[in-house]
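In case you want the letters, here they are:
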Amino acid sequence: AIDALEMDNDEATSTGNDDKAISAIKDIMEDSHNEVKRLFDATKAEWEKTYSQNFTVDAWDPRVDPPPESWRDKVEELDLETFADMIEKDGKGKWLSHLTMIKWEFRLPFEDPRKPMEPLEKEKLFRMLTGESDQTLCPGREVTGKVARISDFGAHLKLEGDVPAFIPLRNLSDGHVESAEDIVQIGQVVTAVVTEVKKSHMSVDLSLKDEDLKKSPSSWERPASLPPLDLNFDTIASQQIESDKSKERDERLAKMNALLGTGKSSSKSNTAMGRTGKVTNRACGHPAFRNKGLHEIETELKETGLVGEALIRPSKSNADSLSLHWLVREGVTKIIEIIEEDKDNDASIGNTLKIKNETFGSIDELLARYIAPMNDHVESLIEHEKFRKDTSEKEVDNELLQMRQKNPRRAAYLLCWNEKYAGYASLRFIVNQTPRSHHVGITPEGFFWCNSNFSDINYLLNAFKKNPSGTSKSSNDEHSSKASRNSSSRQSRWSSRAPSSSAPRQPPTWAPPPSHSSTSSGYSRPPQPSLPPPPQHAYPPPPPPGNSGWQQQRPPPPSLPPPPQNRYPPAPPQ
């Protein structure tokens, strides 16, 4: 078409040339479109014949799907791996990835290697946000959750993994329910059955009706995403297993009805009816709680590496206790036992948590009043000038010996972490020639040493300087009392006065001054100054020594002086 336009350029007019040019371009575009379509159909037919009839262009990746020999181009004849090894041996870097990119740029110029972004479907989004799938959370499965809020339409719960759930009023009981508060209370842990999973709403509908709880799992609708049951599936064995589970479910329902019959139980006897005493997982949605084992918690804390972080898990030894794992420093975790009291059932967290003599009302209060102060004390300990953070006890002892050699007259001391007991510091010192140590505990109140708590590490060090041996206060008092008794039993180095007797002191009596010529058995004491005469009291002096005491009736008070002579004239008569 272009050649024909060039040949007729001189003969035709300009208007005719424009019409011919437009028609020629249209012909070119149509022929090109037909040619491209023909090539595409031929290529598609070839690939369908090679691979399968379900060949789709969108899912086809030219970099992966076709074998390398099917390209049959000059670029495939190049041995890029060997060439890249030669360049690397010459010390010019690694070029294999660059050469591969250049090869595909020759084959597919201006091709975007990235896959197109696929929109998230509701099933995939639900799985990403909650971690649950149709296999783990489906209708007919029993779940345990904690009541978070009560509305006019039902009760809102939180399941494990912070999955929101909802129990409508019609599913709270088999009978008519006026208000959800008549059945459940905020903070109560209940076990219900899943009736529907609303992935578009990111919520799960539950039911507490006996009719739904007694239904067998096989009677619920199976999700379409799950594969169908095998034709050789043992139905009889499955029904036997379901019957055994239904008996256990009936027993649990009887206990639940006894607990929920009057709403929130107010007596310990009603609360104990829902307890079995078995060690089980807790229905707790707190971010610091994990239903995991010892090794899993230790691994999680060490992988995060957040010093001061604390995680709580159920104790495996007792149904009424929890284990608190506190990361004191990198790689070292201290385990603290928490006693639970006033529990609603086995799967709930106790309303009262105790660590030794401390009582807490919730996990948040425990972390704020127990763990947070200890983290502050650890930080103040590490920042102290006498503390050696990344130094072992043996290295600290060597440093103390060097300090002792430089200054033999001075007692040296340093602080470091205790390698034997987690959560303890080691106060290491040297007085003579052998390094010694004391254990220093870290508590919410401060630092524990020598049966005493110190709010600051400097106060502890001051007490240590006064008493390096670390003996307790009671022993010091006993030692001082023994010394006082020994000193009182022997004569004074200054005089030969007799030791004071244990007789009670008598009230003082007035006596004449001693004579100047009187001397004691020791050196002559200076004369005492003469005392003024005793005052003249209207009542008699105290009884002499040896009397049983003062008289029972007090003598009358002294007579008052006469009234003063008024200088004013007498008042006129009325």
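Structure first, text after, so check above.
The sections below set out a description of the structure shown in this document.

## Examining the packing of aromatic side chains
Stage number 1. All chains considered together, the criterion is met by seven aromatic pairs.
Stage number 2. Look at F360 and Y370: their rings are 6.2 Å apart centre to centre, the planes differ by 85 degrees, and that puts the pair in the edge-to-face class. Taken together, the residues F360 in strand β10 (residues 358-360) and Y370 in helix α10 (residues 363-382) connect sequence positions 10 residues apart. Note on accessibility: F360 and Y370 belong to one class, buried.
Stage number 3. Between Y413 and F464, the aromatic rings sit 5.7 Å apart at their centres with planes inclined by 65 degrees, giving edge-to-face as the arrangement. Taken together, the residues Y413 in strand β11 (residues 412-417) and F464 in helix α12 (residues 457-466) connect sequence positions 51 residues apart.

## Some points on a negative patch on the surface
Stage number 1. A surface patch of negative charge is lined by D79, E81, D85 and E88.
Stage number 2. With respect to the helices, strands and loops of the structure, E81 is situated in helix α3 (residues 80-89).
Stage number 3. The partly exposed category is assigned to E81, whose relative accessible area is 47%.

## Concerning the sheet that holds strand β4 (residues 189-198)
Stage number 1. Taken in spatial order, the five strands close into a barrel running β1-β2-β3-β5-β4, and their pairing is mixed. Strand-to-strand twist of the sheet, defined as the mean angle between neighbouring strand axes without regard to direction, takes the value 50 degrees.
Stage number 2. Summarising the sheet, strand β1 (residues 142-150) and β4 pair through five bridges and their orientation is antiparallel. Bridging across to β4, G145 finds its partner in V190.

## Some thoughts on the sheet that holds strand β15 (residues 452-454)
Stage number 1. In spatial order, the strands read β11-β12-β13-β14-β15; together these five strands make up an open sheet with antiparallel pairing. Because the sheet does not close on itself, it has two edges, and the strands there are β11 and β15. Geometrically, the sheet is characterised by an average inter-axis angle of 30 degrees between neighbouring strands, direction not taken into account.
Stage number 2. Packing of α10 onto the sheet brings it into contact with β11, β12 (424-430), β13 (435-443) and β14 (446-449), and relative to β13 it is tilted by some 145 degrees.
Stage number 3. In the packing of helix α11 (residues 393-406) onto the sheet, the strands contacted are β11, β12 and β13, and the crossing angle to β11 comes to about 165 degrees.

## Points about the nonpolar core
Stage number 1. Counting residues in hydrophobic clusters, the biggest one holds 37 residues, and the most contacted among them are L324, I338, L353, L381, L427 and L460.
Stage number 2. Top contributing element to this core by residue count: α10, with seven residues.
Stage number 3. If we skip the residues at most four places from it in the chain, I338 touches I312, D320, S321, L322, L324, L353, K354, I355 and L366.
Stage number 4. Of all hydrophobic cores here, the second largest spans 24 residues; its members include L159, I183, V194 and L208.

## Section: the pattern of salt bridges
Stage number 1. In this structure the tally under the stated criterion is 13 salt bridges.
Stage number 2. We note a salt bridge from E341 to K354, for which the minimum N-O separation is 3.9 Å. With E341 in strand β8 (residues 332-341) and K354 in strand β9 (residues 352-355), this residue pair connects regions lying 13 residues apart in the sequence.
Stage number 3. Across the pair D397 and R428 runs a salt bridge whose closest N-O atoms are separated by 2.7 Å. Within this pair, whereas D397 is found in helix α11, its partner R428 is found in strand β12, the two being separated by 31 residues in sequence.

## Details of the packing of α3 against helix α4 (residues 96-107)
Stage number 1. Where α3 contacts α4, the axes come no closer than 9 Å and their chain directions differ by 145 degrees. As α3 packs across α4, the resulting crossing turns out to be right-handed. Contacts between α3 and α4 involve L80, E81, F83 and A84 from the former and L96, L99, T100 and K103 from the latter.
Stage number 2. By residue class, the composition of the contact of α3 with α4 is five nonpolar, one polar and two charged.

## Topic: a nonpolar patch on the surface
Stage number 1. Together, L120, L125, M128 and L129 line one region of the surface with nonpolar side chains, adding up to about 390 Å² of accessible area.
Stage number 2. Note that L120 resides in the loop between α4 and α5 (122-130).
Stage number 3. For L120, a relative accessible area of 48% translates into the label partly exposed.

## Concerning the environment of L157
Stage number 1. With respect to the helices and strands, the residue L157 is situated in strand β2 (residues 154-159).
Stage number 2. Residues L157 and L206, spaced 49 residues apart in sequence, show a C-alpha to C-alpha distance of 9.4 Å.

## A short note on α3
Stage number 1. Within α3 the residues assigned to the buried category are L80, A84 and I87. The buried residues of α3 all sit within an arc of 60 degrees when viewed along its axis, so they share a single face.

The rules behind each value
- Residues numbered from 1 in each chain as written.
- Predicted model: local features only at pLDDT ≥ 70, side-chain atom pairs only at ≥ 80, totals over all residues.
- Heavy atoms only, no water.
- Phe/Tyr/Trp six-rings, centres within 6.5 Å; stacked < 30°, edge-to-face > 60°.
- Helix = DSSP H or I, 4+ residues; strand = E, 2+ residues; numbered from the N terminus.
- Buried < 20%, exposed > 50% of the residue type's maximum accessible area, 1.4 Å probe, protein only.
- Patch = residues over 30% accessible without salt bridge, like charges linked within 9 Å, V, L, I, M, F, W, Y side chains within 5 Å.
- Areas by Shrake-Rupley, 256 points an atom, 1.4 Å probe, with all protein chains shown as cover.
- Salt bridge = Lys/Arg side-chain N within 4 Å of Asp/Glu carboxyl O.
- Lys, Arg positive; Asp, Glu negative; His and termini not counted.
- Charge placed at Lys NZ, Arg CZ, Asp CG, Glu CD.
- Pairing = 2+ DSSP bridges.
- Axes fitted to C-alpha atoms, helices over the stretch in contact; angles between N-to-C directions.
- Contact = heavy atoms within 4.5 Å.
- Core = buried A, V, L, I, M, F, W, Y, C linked by side-chain atoms within 4.5 Å.
- Left-handed = near helix turned anticlockwise from the far one by under 90°.
- Nonpolar A, V, L, I, M, F, W, Y, C, P; charged D, E, K, R; others polar.
- Arc of directions from axis to C-beta.

What is shown is where atoms sit, not what they do.
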